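These are the residues of each chain, in order.
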Amino acid sequence: MGKKKDLQPSRSSFRRSRKRHRVWRYILLILAILLVTGTALSFYELHRLKPANHFNHLKTVGSGDTSKIKNYKEKAGTFNVLLIGSDSRKGSKASHTDSMVLIHADLNNHTYNMLSIPRDTRVYMDGYGHTKLTSVQYIAQVNHGTKKGIETAVSAVSNLTGVPIHYYAETNYWGLQYMVDALDGIEMNVPFKVTLTHPWYAKNAGKTFAPGVQKLSGEMVTELCHERYSLPGTDYGRQQLQQAALIGIAKKIMQPSNVTRLPALMQSLSKFLIATNMSTEDMVSVGLGVKDNFQPEKQIKYRQVKGRGATMRDDLLKANNSQIILDENELKTTIKKYFSN
């Protein structure tokens, strides 16, 4: 009898042990299912957001005439985006376009062709006739609201180039300054001597920058990108400075030390982007496309199309003014070679 009493606790312990093991097995099984499900979901999300899958059958913005490129082909993993730099100020409902950069992003081949379009370029605006590009967004926003104004400006560039445009992103002086400062400044390779003749801040008038790589704050980067009159080729010189700034920003963002700051930057988009039709998923997909092989100095290519200055009739202002007429043959050749897949 004594032996039976000695065996009883061990059997109870065994049963409790088996129950505990079953509980842990169930817990581990549930965790395993959750992990597998989570992993499967991640793979699904990664597959869906892969640039070749995500950037496919894209809608265009506005109603630009793209018939100028007869052999244009939509290609998965590529898209066109128009970067707009405006003089927008807090509280204003309309803004003039200071600069426009058309980007053809090919995330399959890791190439990013960029074409700057001078602010005084002669363009056609539906309902008004020919005017300067800088006026299109302003007058459309005054008459039809902010979003319609941007879409009208996008359509004007699409009409001019023949390129279907899928996305737009607009920033202003303060937005660019905030972005650079959020990155703790950038290194910018200034291509030539620059003297600030028309700065945003009066205190910066007359400041000179020597050519070469310089560490610059957001304020100084924006002052450089705004300068025109002291530059070789005025608007064309400004385009080179904008290229240098974009490369500097891209290089700084992709530094390993800044990876942890990207979520905060994403949450602060409204501080440096006035308007965009790019979703968070669009931006994540772009990130997936560039993260493994991003060499901005090699992959970002700036294209320029020369033009001539002329005094012509501005149908919007109903008066003559100074405009830039882009070389039509050079524009067609550049678009066909670098922006049409």
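The residue count restarts for each chain, going from 1 along the sequence in the order it is written. Since the coordinates come from a predicted model, pLDDT governs what is reported: local features require at least 70, and pairs of side-chain atoms require 80 or more to be given and counted, while whole-chain, interface and lining totals use all residues. Only heavy atoms go into the side-chain values, all of them from the structure, while hydrogens and water stay out.

The chain is annotated in an unreviewed UniProt entry as Transcriptional regulator of Sporolactobacillus terrae.

K.L.:
Can you walk me through the environment of L246 in this structure?
P.N.:
Secondary structure counts use DSSP, requiring at least four H or I residues in a row for a helix and at least two E residues in a row for a strand, with both numbered from the N terminus. Here L246 lies in helix α7 (residues 235-253). Whether a residue is buried, partly exposed or exposed follows from its accessible area with a 1.4 Å probe, protein chains only, as a fraction of its type maximum: under 20%, in between, or over 50%, in that order. Residue L246 is classed as partly exposed on the basis of its relative accessible area, which comes to 26%. It is 9.9 Å that separates the C-alpha atoms of L246 and I186, two residues lying 60 residues apart in sequence. Residues are treated as being in contact if the distance between any of their heavy atoms lies within 4.5 Å. Residues in contact with L246, not counting those within four places in the same chain, are L83, M114 and Y302.

K.L.:
What exactly am I supposed to notice about the nonpolar core here?
P.N.:
Generally speaking, soluble globular proteins have nonpolar side chains that are buried together. Among buried residues, those of type Ala, Val, Leu, Ile, Met, Phe, Trp, Tyr and Cys that are joined through side-chain atoms within 4.5 Å constitute a nonpolar core. Counting residues in hydrophobic clusters, the biggest one holds 43 residues, and the most contacted among them are F79, M188, V194 and V221. Per element, the largest residue contribution to this core is six residues, and it comes from α7. Looking at which domains feed residues into this core, each of domain 1 (61-171 + 305-340) and domain 2 (177-273) gives three or more. The residues contacting V221, other than those within four sequence positions of it, are V180, I186, M188, L216 and A245. With 31 residues, the next largest nonpolar core counts I84, V154, A275 and I335 among its residues. Start and end positions for the domains come from either an automated domain assignment or a database one.

K.L.:
I would appreciate a short explanation of the environment of I186 in the present structure.
P.N.:
Relative to the helices and strands, I186 is located in strand β7 (residues 186-190). In the structure, I186 is positioned 30 residues away from L216 in sequence and 5.6 Å away in space, judged by C-alpha atoms. Those residues within four positions of I186 in sequence are excluded, and the remaining contacts are V180, Q214, K215, L216, V221, A245, G248, I249 and K252.

K.L.:
Would you mind showing me how to read empty space enclosed by the protein here?
P.N.:
A water-sized probe, rolled over the atoms, reveals where empty space remains. The pocket and cavity definitions rest on a 1 Å grid over protein atoms only: a 1.4 Å probe that fits but cannot leave marks a cavity, an open set with protein on both sides within 12 Å along at least five of seven lines marks a pocket, and residues lining either have an atom within 4 Å of a point. Grid points are joined across faces, edges and corners, and a volume is the space filled by probe spheres set on the points. Enumeration over the complete set of coordinates arrives at one cavity of 30 Å³ or more. Its volume calculated, the largest cavity comes out at about 50 Å³. Looking at the largest cavity, the residues that line it are D98, S99, M100, S116, I117, P118, R119, D235, R238, Q239 and Q242. Listed by contribution, the elements that provide at least two residues to the lining of the largest cavity are β2 (97-106), β3 (111-117) and α7. Looking at the lining of the largest cavity element by element, the count peaks at four residues for α7. Lining the lining of the largest cavity are residues from two domains, each supplying at least three of them: domain 1 (61-171 + 305-340) and domain 2 (177-273).

K.L.:
Looking at this structure, I do not really get the pairing of β2. What am I missing?
P.N.:
As a general feature of sheets, a regular strand has side chains that alternate between the two faces. In terms of burial, β2 is largely enclosed, as ten of its ten residues are buried. Judged from the seven bridges that link them, β2 and β3 form a sheet pairing that is antiparallel. Directly across from I103, in β3, lies its bridge partner M114. Connecting the antiparallel pair β2 and β3 is a turn made up of four residues, with H110 showing a positive phi of about 60°. Between any two strands, pairing holds if DSSP finds at least two bridges.

K.L.:
Got a minute to help me understand the pattern of salt bridges in this structure?
P.N.:
When their charged atoms lie close together, side chains carrying opposite charge are able to pair. Salt bridges are defined by distance alone: a side-chain nitrogen of Lys or Arg within 4 Å of a carboxyl oxygen of Asp or Glu. In the structure shown here, the tally under the stated rule is six salt bridges. The salt bridge involving R119 is made with D120; its shortest N-O contact spans 3.7 Å. Comparing R119 with D120 shows no difference in burial state: the two are buried. Put simply, D120 and R228 hold a salt bridge, and the shortest N to O gap is 3.8 Å. Of this pair, D120 sits in the loop between β3 and β4 (122-125) while R228 sits in the loop between α6 (218-226) and α7, and the two are 108 residues apart along the sequence. Using a relative accessible area of 12% as the deciding quantity, one classes D120 as buried. Residues participating in the shared-partner salt-bridge network are R119, D120, K132 and R228.

K.L.:
Even after reading the chapter, I still don't get helix α4 (residues 146-161), so can you show me in this structure?
P.N.:
In an α-helix, one turn spans 3.6 residues, which is why side chains three or four residues apart end up on the same side. The terminal C-alpha atoms of α4, which comprises 16 residues, lie 23 Å apart, in line with the 22 Å expected from a rise of 1.5 Å per residue. Taken across its 16 residues, α4 has twelve buried, putting it largely inside the fold. The set of residues buried in α4 consists of G149, I150, T152, A153, V154, S155, A156, V157, S158, N159, L160 and T161. Positive phi appears at G162, one or two residues downstream of α4, with a value of about 85°. Helix span, expected: 1.5 Å multiplied by one less than the number of residues in the helix.

K.L.:
Would you mind showing me how to read the packing of helix α5 (residues 173-182) against α6 here?
P.N.:
Geometry of a packed helix pair, given as the angle between the helix axes and the separation of the axes. Only the stretch in contact is used when fitting a helix axis, every axis being a line fitted to C-alpha atoms; angles between N-to-C directions are given from 0 to 180 degrees. Between α5 and α6, the least distance of the axes is 7 Å, while the angle of their chain directions is 135°. In this view, α5 runs oblique relative to α6, as classed from their interaxial angle. Note that α5 runs across α6; the crossing there is right-handed. When α5 is examined against α6, the residues Y173, L176, Q177, V180 and D181 are found in contact with a partner set consisting of G218, E219, V221, T222, E223 and C225. Charged means Asp, Glu, Lys or Arg here, nonpolar means Ala, Val, Leu, Ile, Met, Phe, Trp, Tyr, Cys or Pro, and polar covers whatever is left, Gly included. Residue composition of the contact of α5 with α6, grouped by class: five nonpolar, three polar and three charged. By the definition adopted for this analysis, an angle is roughly parallel if under 35 degrees, roughly antiparallel if over 145, roughly perpendicular if from 65 to 115, and oblique otherwise. Helix crossings fall into two classes, left-handed where the near helix is turned counterclockwise from the far one by less than a right angle and right-handed where it is turned clockwise.

K.L.:
Just to check I follow, could you spell out unusual backbone geometry for this structure?
P.N.:
Note: most peptide bonds trans; most residues except glycine with negative phi. For H57, which is not a glycine, the phi torsion comes out positive at approximately 55°. Relative to the elements of secondary structure, H57 occurs in the loop between α2 (51-54) and β1 (78-86). On the basis of relative accessibility, which here comes to 76%, the residue H57 falls in the exposed class. Look at D184: it is not a glycine, yet its phi comes out positive at around 65°. On the secondary structure map, D184 appears in the loop between α5 and β7.

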